[in-house]
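Notes for the structure review
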Amino acid sequence: MKGEPDFLQRLREEIGGGRQWLDRAVILAYAVFAGLSVVALTLLADAATQAYGALRAQAWWVPLVWTPAVTAAVVWGIRRWAPGAGGSGVPQVLTALAPETPLAERQRFVSIRVSVAKILAVAGSLLAGLSVGRQGPSVQVAAGVMLHARRWLSPRSGISDRELLVAGGAAGIAAAFNTPLGGIVFAVEELSRRLTERSSGLMLAAIVIAGLVAVSAFGNLSTFGRVRVDGLLWWSLLLPGALVALLCGLLGGLLSRLMLASFIGTPDRFCAYRRKRPVAFAAMCGFVVGLISVVSGGSAVGLGQEHTRELLAHAAELPATHQPLLFSFLKFVASWLSTWAGVPGGIFGPSLSMGAGVAADVAWLLDSPHGAALIALGMCAFLAAVTQAPITAMIIVMEMTDGHSMVLSLMASALLASLVSRMISRPLYSTMSQLMMRSLREPTVDGSGPR
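About the thresholds
Residues numbered from 1 in each chain as written. Predicted model: local features only at pLDDT ≥ 70, side-chain atom pairs only at ≥ 80, totals over all residues. Heavy atoms only, no water. Salt bridge = Lys/Arg side-chain N within 4 Å of Asp/Glu carboxyl O. Helix = DSSP H or I, 4+ residues; strand = E, 2+ residues; numbered from the N terminus. Buried < 20%, exposed > 50% of the residue type's maximum accessible area, 1.4 Å probe, protein only. Core = buried A, V, L, I, M, F, W, Y, C linked by side-chain atoms within 4.5 Å. Contact = heavy atoms within 4.5 Å.

In this section: the pattern of salt bridges. As enumerated under the stated definition, the model contains four salt bridges in all. In this structure, the salt-bridge partner of glutamate 105 is arginine 108, at a minimum N-O distance of 3.5 Å. In this structure, the salt-bridge partner of aspartate 161 is arginine 106, at a minimum N-O distance of 3.1 Å. Taken together, the residues aspartate 161 in helix H8 (residues 161–177) and arginine 106 in helix H5 (residues 103–106) connect sequence positions 55 residues apart. Residue aspartate 161 is classed as partly exposed on the basis of its relative accessible area of 24%. Among the residues examined, arginine 106 registers a relative accessible area of 11% and is labelled buried. One network of salt bridges, in which partners are shared, links Arg106, Arg150 and Asp161.

Following this line, the structure appears as structure tokens:
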């Protein structure tokens, strides 16, 4: 057994290690840059969403022309200049983290160039009026920024590329949701099972700093608003909460399965046409999403955060913009088609929005007085079902609530929905990552390379 540490010796090592302190300063500086990159993505995404809303207000038929045209342009641009910037962003980071991925191929998925392209392309997807999120892309954006710190670190820093990628990806979640704790849990549950003892404290500090940058920019506010629940007894949510979790588990698992099938490609005429003419196929998907925008009045497309805020603000009585039973179906189809089109964009935001819609419908059907609490459970359950990362989903939604009265309910709904989803679909992100790694050895997965 080793003896107790020598305090004076350790103190001399810390004070005398000038290069070590420089390496730490580099990591923390890049954590700030990672947070700022997510702030830039957020600002551009919000601006693009507002611009689309202004265009849609000009005439009812605008989405039928604008959405397919811009969708095709985004897909064409990504395929031509930055193929690695397509898709969600989380599978790309997982692929870069995999030991099987050659070092020469890592830059294909995470780099400063890919991060810049991702920011612009996600803004383009939202400008088109597609149903995509920005939280998943934030993972890839921040990971690319953090990996760039490698060129300034000394060879003896002891910090690996893997740790930089994990810290960057988790920092992206922390900054995107304003939930530093959620970023840390995401790093452990989804990106990596371990961080080395030597650098774990520094990496966790980087994640927290990136989250604080977002808090400094936007305030300590949630993207989807705050859920306030006072004096709620758990048994009053037992039956409606279980129904919400089951429905979200079924729908989330089905969405995950459809997205995987679209990614892999199936022997049908639609996938065959997509392989042959990906840009034209993207325009077709964009047209259907534009039609959904017309039918839903724009509520079922985009990030979904405004609609979710309205549901939370008027939980006792459904807002006029919500179409019971129809909204969740339209949002489901729009999110699936937006992914199938091949544009950059995540599923975190749409999942939270769909979960809120399902829960609001259950509260409306059962005439439940606990609409806000059920909406929080639905958001947590749907996110857990799609990602099959229940702890991350629970922590993210918990940090969006005031108080701790719903912690056990959120945990139960996340675990139940994730369990149901696992019966329907393979894990979304890890399966996509495995297919991307296969595409490094083969020409294509579905004829279009990794997304």
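A few words now on the nonpolar core. Core analysis: the biggest nonpolar cluster contains 110 residues, and Leu255, Phe348, Ile375, Val397, Leu410 and Leu428 have the highest contact counts within it. With 13 residues, the single largest contributor to this core is helix H17 (residues 371–387). Apart from the residues lying within four places of it in its own chain, the contact partners of phenylalanine 348 are Val90, Gln135, Gly136, Ile173, Phe177, Phe186, Leu383, Thr387, Ile396 and Tyr429. Counting 20 residues, the second-largest nonpolar core is a separate cluster that includes Val26, Val38, Leu164 and Leu202.

It is worth spelling out the side chain of serine 37 at this point. Here serine 37 is to be found in helix H2 (residues 18–56). For serine 37, a relative accessible area of 12% puts it in the buried group. Apart from the residues lying within four places of it in its own chain, the contact partners of serine 37 are Ile119, Val141, Ala142 and Val145.

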